[in-house]
Each structure stands twice: as structure tokens, then as C-alpha cells.
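Fold and geometry: a report
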Amino acid sequence: MADPIRAADVVVVGGGSSGCVVAARLSEDPGRSVLLLESGPGYRSALDCPVLDYRTLPVGPGSAFAQTYGVELAPSVPSAMVRGHVLGGSGAVNGAYFVRGTEADFRHWPASWSYGNVLPTFRALERDADFDDPRHGTTGPMPVRRQPAEQLSEISAAFRAAALGAGHPEEPDKNGAGTGGIGPVPLNVDGGRRVSTALAYLLPASERPNLTIEANSDVVRILFSGHETVGVEVESGGTRRTVRAGRVVLAAGPVETPVLLMLSGIGPAEHLRDNDIDVVLDVPGVGTGFSDHPEVALPYRVRDTLRRSDTSPVVETVLNVDDLEIRPYTAPFDLLVPGSGQPDPVLGIGLMVTESRGDIRLTSGHRRDRPRIEYRYAQSAADRRALREGQAIALDLLRSRELGPLVRPLSVEVSDRSVLAHLGTSLHLCGSCRMGGRADAGAVVDERCNVRGMEGLTIADTSVFPVVPSRGPHATAVMVAERVSTFLGE
Ligand SMILES: Cc1cc2nc3c(=O)[nH]c(=O)nc-3n(C[C@H](O)[C@H](O)[C@H](O)COP(=O)(O)OP(=O)(O)OC[C@H]3O[C@@H](n4cnc5c(N)ncnc54)[C@H](O)[C@@H]3O)c2cc1C
């Protein structure tokens, strides 16, 4: 085996949804050497990829492709949260729901990220099989398709009929104007496989002589000389080595990116000192003020049996109403996430625009110790009201003329108590190192995603989102990675 590489022009930390895009795009220039370091397992081709089945989420107990974190969703509501830990990252183990952030979402981003400015990138990254119009692309790396109505699982078809019966509008294209309603989920599925950015971007580039991909390689520290980034320290196969780099692009995801920054001396100074870490740069925004989507489950029993289509993904049709997204999962979580211990099917009630903001903090200065993650869900009266409204809408749908004969709700309570009892998270954590202008004291990166106050350090993952979009973040993560790659190539 060749000696592991010890220097590269660019080191990309994390081969997840964003990192695979950045490594592939930056290595298009044959004069630039790129090293991608992924701490999870890898594979050399789609044939070897162990996570192709888009009908399940391979993140249950003992999964080799996920990392689990203990979290606090709300005071006295402990829970667990997972992240993908495999080439392709969370996008390799997710629900394959591939919906863009809406026009309204980008009003919360710096002006250079307005919807008008990001739309060309959304178009260029996709290969939409269903729509060919000025909003859509048909030649990009990421395949997008929707489940045809005749192939829907029985629960999805009945849910759709119930939503239409209740007067909700139809929304045939969730990547369109973002007006809301009931409609099919755009899916990054092709040929019966979940197509992560590892498959769509990275593997096709993997033969380039200037691109090196190392899996099972955990970056433990970023190295600096003063305020200049000079490389990383990486652990693989039980040994540590230093890799020198002109630029480091952090794409370790919204949990590990801020953790790695803090362990390397960039973060809230007092917190770093409390953990015996030498401060390189005091950046209060690192790990501070992240957002995600609280999700309340409404469990139900099926009166007889309901057919799940052979081609049904985890969720294939959703209802967006105001700030809520109601999801009829196509099977009980015990089937979707083997070993999850949740035998009853549920409607998921996601609050897609939320006032809750959480923090990620170290519990020690050691890489092996997991961080403390506090979400502070359902703390504002407005969020609690919205979640209760979601419960009421979902309950009405379960009791409707279309769904009522098929299912029986297991919880009929609409209350704050019931919200907390059934509280979960959509696993859409974003904004733990957010971008913003100079006037924003909580911003970590500038509009080009370079860490303020440091040379040669860029973040390209969902950490930099100013706030979680009102749709799942995966499509937006790919867009951000594409744009950051363009900035770095200029
Ligand atoms: C189970 C699950 C289901 C989801 N379903 C959906 C969905 O259907 N639709 C949707 O829009 N969103 C979904 N999401 C969210 C979405 O997948 C993520 O927001 C997105 O993939 C995040 O991309 P990222 O690049 O920020 O991070 P990730 O894709 O998580 O990538 C981070 C990568 O960095 C690696 N890494 C971490 N630390 C280090 C280190 N120190 N050294 C080297 N490598 C490191 C990790 O192993 C990982 O591969 C889901 C998430 C999960 C976990």
C-alpha cells in the first residue's frame, strides 16, 4: 500500500453530503491536489456501497454507518440523535427527501444568497425527471424524481385524499414556488438506489490523480501558525499523522464541525479555557444558536393491513401548511430504522419555522468525549401553539372520511403535555457556525464561508446556514457546497 499522503493543497474534512461535492469540484482543476478525509467507512464503487436501500434508514442501534449522540430536546426531555458516519455522510443514510429551501427561507440569508442568486445552482445540481422548465435542471449530478400516484403506498394515497378532502391545495412540485399544500416528495433516488453525493459527485471523480480519498480517517485537530491554517492532525488505523495543507475545508457536519473548531482553539474563549484548550481565536458563535425542526409523532393503529408499495421510500407525500409539514411515514419506524423499538406507524408533525435555538458545547478537551447538545424545543408560546395546531390538523386527517376507516389514532390529546410526550427531532440540525455580515457578532463565517479572522479555513456544510430552511436541508447542503467550491476556485 502507498504511504498515506502528508501534504495537499486542500484538505476536505468529512466526506458527507457537502464534503463529497467540494472534493469533486475542487479536484476538477488538475493543478490542485485535494485530500478528502472521512472518519466513517468508505467504498470504491456503487457496487460496494452498503447503504443504497432508500426504503430504510440504516441508523439504528449498533449501526456501522451512524454516530449517536445523547441530546436534550427540551428541559427534562432527553433523547438520542444520529448523524451519518460513512462516505456520503448523513445524505447516505437519510430519507432521500430532496426539497430545496423556499424563496422565503433565503430572505434570512445574506443578500448574496438571495433565492435569485442561488436558483441557478439549484438548477445546475439536479437532473429532474419530472419537470423541465425555467426552475428546473435536467442535466445535473443529483437525480430527482417523484413517486407516481399509482405507485403510492395505501397510507400515502389515503393521506393525500384526506388532505385534498379537507381543502388543502395540491402542490405537484415541492421544488417550485414553495406555496405549500399536499404533493409528492422529490427524491434523490435513481435505479432503485439512494443517490448520495458520494455516488453522484465523488466516485465519478475518484480516479483523478490529484484526488485522494481516505476513509476511516478521523481528523482530531486543525493546525494553525498564528491565525494561518497550516494543516490537520488525523488518526487512522491507530496512528496519528500530520497533513500539511494550504487550505482546510471543514465539512464534518453541523455537530462535528463546531466540535473540531473548539478542540482546535476556535470558539467561545471562556468555554475553551474551561476545557483547558488554548485559545487561538475567540469566536462566540461556534456551536451557538443552531436550529432544527421539532417533530411531534402522532401514532396510530391500522385497522386491517395497509399495503406498502415495493418502491415506496420512507416518506413519499407530505402536506405543508403554514409553518408545518405533516408526513405520513410509509411504515412503522421499526421497519424503517431496524431496531428502533417503535412498532406503531406515525404521522410526523414537523415545525419547519421555529423560534428554538440550541447550543453545542464540549464536555471536555478530549476528542473521544461526546459534546452536550441542547435543542430548547417548544420553549416559546408561538412554537407550542404551532405544534398543537399541527396535532389538531393531523388528528382531523386521521379521523377523516378517507383515513378514518383505515386507521385509529393512539393519542387524541392536543396539548403542551402531549407535544412534550411525543417530541422528537427531524435530524435537520443547521446553523451551528452560521454565516453573516460583520455586524453579526454571532456569525462565524463570512458570505463566502471563510472563517472570520483566520487564513485558509473555510466551512462548507450545513453548519453555515443562517437558519434551518423550512424544508429538509439536504438539497440546500448540496447547493451551498457547490457555491463554496465555486468561490474557492475563483
Ligand atoms: C437519519 C437521517 C435522515 C435524514 N433525512 C433527511 C431527508 O430525507 N431529507 C433531508 O433534506 N435531510 C435529511 N436529513 C438531514 C440531511 O441528511 C443533513 O442535513 C445533511 O446530509 C448534512 O450534510 P452535511 O454535509 O452538513 O453533513 P454530513 O452529511 O453529516 O457529513 C459530515 C461527514 O463528516 C464526517 N466527519 C465528522 N467528523 C469528522 C472528522 N473529525 N474527521 C473526518 N470526518 C468527519 C462524518 O462521518 C460525515 O460523513 C437526515 C439526516 C439523518 C441523520
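Residues numbered from 1 in each chain as written. Predicted model: local features only at pLDDT ≥ 70, side-chain atom pairs only at ≥ 80, totals over all residues. Heavy atoms only, no water.

This part takes up the state of the cysteines. Scanning the entire structure with this criterion turns up zero disulfides. Summary of cysteine pairing: C49 is not part of a disulfide, and the nearest cysteine sulfur, belonging to C20, is at 10 Å. As a non-bridged cysteine, C430 has C433 as the owner of its nearest cysteine sulfur, 12 Å distant. (Disulfide = S-S within 2.5 Å.)

The environment of the ligand is formed by 37 residues, the closest being S17, S18, E38, S90 and T462. Contacts to the ligand include R83, whose side-chain N or O atom sits 3.3 Å from an oxygen atom. One nitrogen or oxygen atom from the main chain of P473 is found 3.3 Å from an oxygen atom belonging to the ligand. Elements that contribute at least two residues to the shell around the ligand include exactly α1 (17–26), β4 (77–84), β11 (218–225) and α5 (253–263). Of the residues in the shell around the ligand, the class split is 13 nonpolar, 18 polar and six charged. (Near = heavy atom within 4 Å. Polar contact = N/O pair within 3.5 Å; in protein donor to acceptor, adjacent residues only side chain to side chain. Helix = DSSP H or I, 4+ residues; strand = E, 2+ residues; numbered from the N terminus. Nonpolar A, V, L, I, M, F, W, Y, C, P; charged D, E, K, R; others polar.)

Here we come to the packing of α1 against helix α4 (residues 197–205). Where α1 contacts α4, the two axes come as close as 8 Å, and the packing angle between them is 25°. Classified by the interaxial angle, the pair formed by α1 and α4 is roughly parallel. Handedness of the α1/α4 crossing: left-handed. Between α1, through S17, C20, V21, A23, A24 and R25, and α4, the contact on the second element is made entirely by T197, A198, Y201, L202 and A205. (Axes fitted to C-alpha atoms, helices over the stretch in contact; angles between N-to-C directions. Parallel < 35°, antiparallel > 145°, perpendicular 65-115°, else oblique. Left-handed = near helix turned anticlockwise from the far one by under 90°. Contact = heavy atoms within 4.5 Å.)

Attention now moves to the UniProt feature "domain: Glucose-methanol-choline oxidoreductase N-terminal" (unreviewed entry) in the protein. As recorded in UniProt, the feature "domain: Glucose-methanol-choline oxidoreductase N-terminal" (unreviewed entry) lies at residues 253–267. Measuring from the first to the last C-alpha atom of residues 253–267 gives 16 Å, for a span that is 73% helix and 13% strand. (UniProt positions renumbered as here; feature names shortened; annotations may be inferred.)

So, about the pairing of strand β3 (residues 66–74). Both β3 and β4 contribute to a ladder of eight bridges, which runs antiparallel. Bridging from a neighbouring strand, Q67 pairs with R83 of β4. Counted between consecutive antiparallel strands, the loop separating β3 from β4 contains two residues, among which S76 sits at a positive phi close to 65°. Judged from the two bridges that link them, β3 and strand β22 (residues 372–374) form a sheet pairing that is parallel. Of the residues in β22, the one forming a bridge with E72 is E374. (Pairing = 2+ DSSP bridges.)

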